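Here's the letter readout for the chains.
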Amino acid sequence: DVAGNIVEANALPESIEEIAPAGFKGMSIEEISLPYGLKEIRNRAFMDCSSLKTIYFGCADSLRSANEKKWNAIPKGDDWNKNVNAAFKVVFKGK
């Protein structure tokens, strides 16, 4: 679990396979790095994270296009990114 309302060290462990429903809801995070092994992002996972501008995703040793394809295949629940920052984007790691 992430304690407190502000997350500073924003890289989740590679062992995380799922972001729980409302797992980060309302937290003051600007960026976060999600593990390559992620299999699902549940409902409202990042809802109301109004500071969230960037999600980094992928394996640095992979091609960016492969990381983007994997990201697009991950099931994402309803409103998973509702009310995030207007400048929100996903940045793919890799070559």
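Residues numbered from 1 in each chain as written. Predicted model: local features only at pLDDT ≥ 70, side-chain atom pairs only at ≥ 80, totals over all residues. Heavy atoms only, no water.

(A) Molecular detail of the overall build of the chain. When you go through the chain residue by residue, the secondary structure sums to one helix and five strands. Ordering the α and β elements of the chain from the N terminus gives β-β-β-β-α-β. For a compact globule of 95 residues, the expected C-alpha radius of gyration is about 12 Å, and the chain comes in at 12 Å, within 12% of that figure. For the chain, the C-alpha atoms occupy an extent of roughly 35 × 25 × 25 Å along the three principal directions. When burial is assessed residue by residue, the chain has 32% of its 95 residues classed as buried. Taking all contacts inside the chain whose residues are at least 6 apart in sequence as the whole, residues at least 24 apart take part in 48%. Roughly 5600 Å² of accessible area belongs to the chain as shown, and the carbon and sulfur atoms make up 46% of that amount. Across the chain, the centroid of the 13 positively charged side chains sits 5 Å from that of the 13 negatively charged ones. (Helix = DSSP H or I, 4+ residues; strand = E, 2+ residues; numbered from the N terminus. Rg over C-alpha atoms; globule rule 2.2 N^0.38 Å. Buried < 20%, exposed > 50% of the residue type's maximum accessible area, 1.4 Å probe, protein only. Contact = heavy atoms within 4.5 Å. Areas by Shrake-Rupley, 256 points an atom, 1.4 Å probe, with all protein chains shown as cover. Lys, Arg positive; Asp, Glu negative; His and termini not counted. Charge placed at Lys NZ, Arg CZ, Asp CG, Glu CD.)

(B) Structural context of the environment of Ser 62. Note on placement: Ser 62 falls in the loop between β4 (54-57) and α1 (64-73). Looking at Ser 62, the relative accessible area reads 18%, which means it is buried. Ser 62 sits 52 residues away from Asn 10 along the chain, and the two C-alpha atoms are 21 Å apart. Those residues within four positions of Ser 62 in sequence are excluded, and the remaining contacts are Asn 67, Gly 94 and Lys 95.

(C) Layout of the packing of aromatic side chains. Scanning all chains against the criterion turns up six aromatic pairs. Seen in terms of ring centroids, Phe 57 and Trp 71 are 5.3 Å apart; in terms of plane orientation they differ by 55°. Their pairing is tilted. Separated by 14 residues along the polypeptide, Phe 57 in strand β4 and Trp 71 in helix α1 bring together distant segments of the chain. Accessibility assignment for this pair places Phe 57 and Trp 71 in one class, buried. Between the aromatic rings of Trp 71 and Trp 80, the centroid separation amounts to 5.8 Å while the plane-to-plane angle is 65°, which identifies the pairing as edge-to-face. Given the relative accessible area of 5%, Trp 71 is considered buried. (Phe/Tyr/Trp six-rings, centres within 6.5 Å; stacked < 30°, edge-to-face > 60°.)

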